[in-house]
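What follows is each chain in one-letter form.
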Amino acid sequence: MISLYEATHVAVHGEDILDKALVFATKNLKSILTKCTSQFQKQVKFSLNLPLWKCVPRTLTRHYIDFYSDDHGFNNEKLLRFAKLDFNKLQKCHQRELCEITE
């Protein structure tokens, strides 16, 4: 349902079926908020407040790292550790570039 909601945001003017799908997905996501786990609630609320297409992909990385760190069903610690290392390395690179620019 979240994927449908996200997909409807890339509609162009005149795509009535995607407009209807947006209404449908929004209504259903809001209705299941009270029925799902707190972890999934966070994901749904995040998607409803800030669709993916409005975000810079690298800034979403931090959100997903936190999301999967808190998810006790996620058992791929190596992948999570790699994501954290990658994020930190890129952040350090951006910090160096900002230092160079400001000098």
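Residues numbered from 1 in each chain as written. Predicted model: local features only at pLDDT ≥ 70, side-chain atom pairs only at ≥ 80, totals over all residues. Heavy atoms only, no water.

Under the annotation held in an unreviewed UniProt entry, the chain carries the name Terpene synthase N-terminal domain-containing protein and is attributed to Linum tenue. You can read under Cofactor (unreviewed entry) in the UniProt record for the chain the words "Mg(2+)". (UniProt positions renumbered as here; feature names shortened; annotations may be inferred.)

**Looking at helix α2 (residues 16-32)**
Taking 1.5 Å of rise per residue, the 17 residues of α2 would be expected to cover 24 Å, and the 25 Å separating its terminal C-alpha atoms lies within 8% of that figure. Looking at α2, one finds that the buried residues are Ala21, Ala25, Thr26 and Leu29. In an axial view of α2, the angular spread of the buried residues amounts to 130°, which keeps them on one side of the axis. Along α2, exposed side chains directed more than 90 degrees from the buried face belong to Asp16, Lys20, Val23, Lys27 and Lys30. Against the buried residues of α2 lie α1 (2-8) and α3 (38-49). (Helix = DSSP H or I, 4+ residues; strand = E, 2+ residues; numbered from the N terminus. Expected span 1.5 Å × (residues − 1). Buried < 20%, exposed > 50% of the residue type's maximum accessible area, 1.4 Å probe, protein only. Arc of directions from axis to C-beta. Contact = heavy atoms within 4.5 Å.)

**A look at the nonpolar core**
Residues Ile2, Tyr5, Ala25, Leu29, Leu33, Val44 and Leu48 constitute the largest nonpolar core, which totals 7 residues. Elements that contribute at least two residues to this core include exactly α1, α2 and α3. Discounting residues that sit within four places of it in the chain, Leu33 has contacts with Gln41, Val44, Lys45 and Leu48. (Core = buried A, V, L, I, M, F, W, Y, C linked by side-chain atoms within 4.5 Å.)

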